[in-house]
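# Report on the structure
Given next are the chains, with one letter for each unit.
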Amino acid sequence: MNSHRDTETQSQRFFSVSFCLCGLFLFVSSLFLGVVRAQNRTGTLLYEGARLIIGDDSAPIEIGAFIVRDGRITAVGRGGDVKPPAGAARVDLTGKTVMPTLIDAHVHIGYESYSSWGAHNYTAQNVLDHLQREAFYGVDATQSVGSSPMDASLQFQRDQQAGKFPRASRFLFMPGMAPPNGGPDEVLREGTRELHAVNEVSTAAEARTAIRAMAAKKVGSVKIWVDDRRGTYPKMTPEVYNAVIDEAHKHGMKVHAHATTLPDQKAVVRAGADVLVHLVQGAPLDEELMALLREKRPYWATVIGLGDHSEVCDNDPFVDQSLPDAVIAKIRATTTARGLSANCAPPGPNAPTRETTLLTNFPRMIANGARIVLGTDAGIHPGHTFGIADHHELARWVQLGLTPAQAIVAATSRPAELLGLKDMGTLAAGKEADFIVLDANPLDDVRNTRKIASVYLHGDRLDRDALRARWKR
Ligand SMILES: [Zn+2]
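Everything numeric here is computed off the predicted structure, so don't read it as measured data. Starting from 1, residues in each chain are numbered consecutively following that chain's sequence as written. pLDDT decides what is reported in this predicted model: residues at 70 or higher carry local features, side-chain atom pairs at 80 or more are listed and counted, and totals for whole chains, interfaces and linings draw on all residues regardless. Side-chain numbers here rest on the full set of heavy atoms in the structure, without hydrogens or water.

## Comments concerning helix H14 (residues 404-411)
Keep this limit in mind: The buried label applies to any residue whose accessible area, calculated with a 1.4 Å probe on protein chains only, is under 20% of its type's maximum; exposed applies above 50%, and partly exposed to all values in between. Helix and strand assignments come from DSSP, with helices taken as H or I runs of at least 4 residues and strands as E runs of at least 2, each series counted from the N terminus. Throughout, a residue-residue contact means that at least one pair of heavy atoms, one from each residue, lies within 4.5 Å.
Counted residue by residue, H14 has 6 buried out of 8 residues, so it is predominantly covered. Where H14 is concerned, the buried positions are Pro404, Ala407, Ile408, Val409, Ala410 and Ala411. Of the surrounding elements, those touching the buried residues of H14 are strand E8 (97-100), strand E9 (102-107), strand E20 (371-373), helix H13 (388-399) and helix H15 (413-419).

## Things to note about the pairing of E8
Keep this limit in mind: Note: two strands are recorded as paired if DSSP finds a minimum of 2 bridges between them.
Along E8, one buried face is formed by Thr97 and Met99 and the opposite face, lined by Val98 and Pro100, is buried too. As judged from the 2 bridges shared by strand E4 (residues 51-52) and E8, these two strands associate in the parallel manner. From the neighbouring strand, Leu52 faces E8, where its bridge partner is Val98. Across 4 bridges, the pairing between E8 and strand E21 (residues 435-438) is antiparallel. Residue pairing across strands places Pro100 opposite Phe435, the latter belonging to E21.

## Looking at the packing of aromatic side chains
Short version of the rule: Classification of ring pairs rests on two measures: the distance between centres of Phe, Tyr or Trp rings, Trp counted by its six-membered ring, which must be within 6.5 Å, and the angle between planes, read as stacked under 30 degrees, edge-to-face over 60 and tilted in between. Charge over a ring is defined by NZ of Lys or CZ of Arg lying within 6 Å of the ring centre and within 35 degrees of the ring normal.
Tallied over the entire structure, the rule returns 14 aromatic pairs. Considering the side-chain rings of Tyr47 and Phe66, the 5.0 Å spacing of their centres and the 15° angle between planes classify their relative orientation as stacked. Here the residue Tyr47 occupies a position in strand E3 (residues 44-48), and Phe66 occupies one in strand E5 (residues 64-69), the gap between them amounting to 19 residues. Seen from their ring centres, Tyr111 and Trp117 are 5.0 Å apart, and the 15° between their planes marks the pair as stacked. Here a set of aromatic residues connected by ring pairs shows up, and it is made of Tyr47, Phe66, Phe435 and Tyr456. Positioned above the aromatic ring of Tyr233, the side-chain terminus of Arg229 is 5.5 Å from the ring centre.

## Here we look at the packing of helix H3 (residues 124-136) against helix H16 (residues 464-472)
When two helices pack together, their arrangement is captured by the angle between the axes and the distance separating the axes. Filter applied, for reference: Lines fitted to C-alpha atoms define the axes, with helix axes restricted to the stretch in contact, and inter-axis angles between N-to-C directions lie between 0 and 180 degrees. An angle below 35 degrees is read as roughly parallel, one above 145 as roughly antiparallel, one from 65 to 115 as roughly perpendicular, and any other as oblique. In a left-handed crossing the near helix is turned counterclockwise from the far helix by less than a right angle, and in a right-handed crossing that turn is clockwise. In this classification, the charged set is Asp, Glu, Lys and Arg, the nonpolar set is Ala, Val, Leu, Ile, Met, Phe, Trp, Tyr, Cys and Pro, and all remaining amino acids, among them Gly, are polar.
Contact geometry of H3 with H16 gives a least axis separation of 11 Å together with a crossing angle of 130°. In terms of their interaxial angle, H3 and H16 are classed as oblique. For the element pair H3 and H16, the recorded crossing hand is left-handed. Of H16, the residues touching H3 (which contributes Asp129, Gln132, Arg133 and Phe136) are Arg464, Leu467, Arg468, Arg470 and Trp471. For the contact of H3 with H16, a count of residues per class yields 3 nonpolar, 1 polar and 5 charged.

## Some points on the environment of Val280
Residue placement: Val280 occurs in the loop between strand E18 (275-277) and helix H9 (287-296). Residue Val280 is classed as buried on the basis of its relative accessible area of 6%. Sequence-distant contacts of Val280, defined by excluding residues within four places in its chain, comprise Thr260, Thr261, Leu262, Gln265, Leu285, Thr357 and Asn361.

## Quick look at the sheet that holds strand E19 (residues 299-301)
Spatial ordering of the open sheet is given by E15-E14-E16-E17-E18-E19-E20, a layout of 7 strands whose pairing is parallel. Taken across any chain shown, the strands that pair with only one partner, and hence form the sheet edges, are strand E15 (198-200) and E20. Strand-to-strand twist across the sheet, computed as the mean angle between neighbouring axes with direction ignored, equals 30°. By the bridge criterion, 5 bridges tie strand E16 (residues 221-225) to strand E17 (residues 254-258) in an arrangement that is parallel.

## Remarks on the coordination of the zinc ion
Angles between donor atoms at a metal ideally measure 109.5 degrees for a four-coordinate tetrahedral arrangement and either 90 or 180 degrees for a six-coordinate octahedral one. Put simply, the rule is: A donor here means any N, O or S atom no more than 2.8 Å from the metal (3.2 Å for Na, K and Ca); water is not included, so a site may seem to lack partners.
Protein-derived coordination of the zinc ion comes from His106 (NE2), His108 (NE2) and Asp377 (OD), at a distance range of 2.0 to 2.1 Å. For the zinc ion, the donor residues sit on a single chain with the sequence spacing H-x1-H-x268-D. Of this pair, His106 sits in strand E9 while Asp377 sits in the loop between E20 and H13, and the two are 271 residues apart along the sequence. A relative accessible area of 1% places His106 in the buried class. Taking relative accessible area as the criterion, Asp377 reaches 2% and is therefore assigned buried.

## Re the sheet that holds E9
If you walk across this open sheet you meet the 3 strands as E9-E12-E13, and the pairing is parallel. What marks the edges here is a single partner per strand, and that holds for E9 and strand E13 (170-174). On average, each strand axis in the sheet is tilted by 15° relative to the strand beside it, whichever way the strands run. Seen against the sheet, H3 touches E9, strand E12 (139-145) and E13 and runs at an angle of roughly 135° to E12.

## Remarks on the pairing of E9
Across a regular strand the side chains alternate sides, sitting on one face of the sheet and then on the other. E9 sits mainly inside the fold: 6 of its 6 residues count as buried. In this sheet, E12 lies alongside E9 in parallel orientation, the contact comprising 4 bridges. When the bridges of E12 are listed, Leu102 appears paired with Val139.

## Remarks on the pattern of salt bridges
Our working definition: When a carboxyl oxygen of Asp or Glu lies within 4 Å of a side-chain nitrogen of Lys or Arg, that pair is called a salt bridge.
Within the structure shown, the criterion is met by 35 salt bridges. With a shortest N-O distance of 2.8 Å, Arg208 and Glu247 are connected by a salt bridge. With Arg208 in helix H6 (residues 204-216) and Glu247 in helix H7 (residues 238-250), the pair connects residues that are 39 residues apart, well separated along the chain. By relative accessible area, Glu247 is classed as buried at 3%. Notably, a salt bridge pairs Glu355 with Arg396, separated by 2.8 Å at the nearest N-O pair.

## Some points on the confidence of the model for the chain
Interpreting fine coordinate detail is not advised for predicted regions of low pLDDT. Quick reminder of the rule: By definition, pLDDT measures how confident the predictor is in each residue, and it falls between 0 and 100.
Summarising the model, the chain shows a mean pLDDT of 90, and 91% of its residues fall at 70 or more. Here residues 1-41 scores under 50 on pLDDT; set against residues more than four positions off or in separate chains, the count is 59 contacts.

## A closer look at the nonpolar core
Put simply, the rule reads: Only buried residues count toward a nonpolar core, which is a set of Ala, Val, Leu, Ile, Met, Phe, Trp, Tyr and Cys residues joined through side-chain atoms within 4.5 Å.
Among the nonpolar cores identified, the biggest contains 102 residues, and Met177, Met214, Ile224, Val244, Met365 and Trp397 are the most heavily contacted of them. When residues no more than four places from it in sequence are discounted, the contact partners of Trp397 are Thr302, Ile304, Phe362, Ile372, Val373, Leu374, Leu402, Ala407, Ala410 and Ala411. Leu45, Phe435, Val437 and Tyr456 belong to the second-largest nonpolar core, a separate cluster that totals 18 residues.

Structure below.
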């Protein structure tokens, strides 16, 4: 009875009818959850006919099939090779492309609230909204770096794991560490100071104590800033960051290091930082850094989009659908640059130099062993917003020399590896059924990651229409 072939739309209709039969309560609660749960007699679904991009840089399977049961993928292969159990429902995805969901290893969650920004916006509800925006755009794990208050974040994670929230991107976070009055840029610092999200340490001993306290709470990573902001901030000393990295590694923790100058990037890579954040601005790279990259092979979160022109200026429905119209209008009406705030000012005088530097430095970093991972700095100000920033970053990488396949690896399996998300990042048996169904092939043009037909999280089809309606209300 369930062996009929149905298109996605027909499946949806079928599921809606089932829900009505199951009674109003289930229907309403499913709306609340923001998901359409795929239901059939055996609980097993065969998705067939789509091109499958695995996420590990292997060749795509042109006409593939995969089986999902209880939120997990149980088999993946070529169309004829995957045999569903009797009674499995079939979903015809002919003409579509399926890829794993994205993982963003560097955002700042909780502070932005569309047009306003600050610690006053930081609530579980707002954290959830940001994670829903990420999920809407196909990002199924989102790591907030150095700006999330520890205890509230641990509580949010417990609640999310316990299923207390509607389906959204999985929340990951790490505390920050900086010298007193140092660390995040002056906007973010206002927020982190109010929430005590950054551990302020002056000595190696204080740093080690802070790391041990994090390790005791099973926090897996820490962010450090090594930056004097052109002489206006105290900068973390080598004594302190060496202690941070040494102590963190003793506890199996990873260290993400913000460093934006050539000497600072060399210093943190040499000291053993696991993840570099940012690119060296306004300077050519040298052979000494290249040798360090080849030796240490750090992960690298580029966050290029933060310095780019805002896509909100482009009248692109893909961008506009998750932002209230008033926010869009405000950004478009801003035609003079104001710090990092989203605006539609013409490119500044430094833009051509920045681009030239990027075109030279980006491929060199990659060629010498920097392991690129998706990171966006989304949420650091209004308008540089969740989900959109991920697709922007992917497109930028390809512009700067990655192939679309390399970009997809850097946004899926590699961040999964970095973050220790063993059940995410590829389409493979045993992994969570987290995938994006696309109307076009991103291997032909990476901007096709934006042609999202649907997003599935843990086997559930995300109700993107309901989310879109909420944001446009
Ligand atoms: Zn950041």
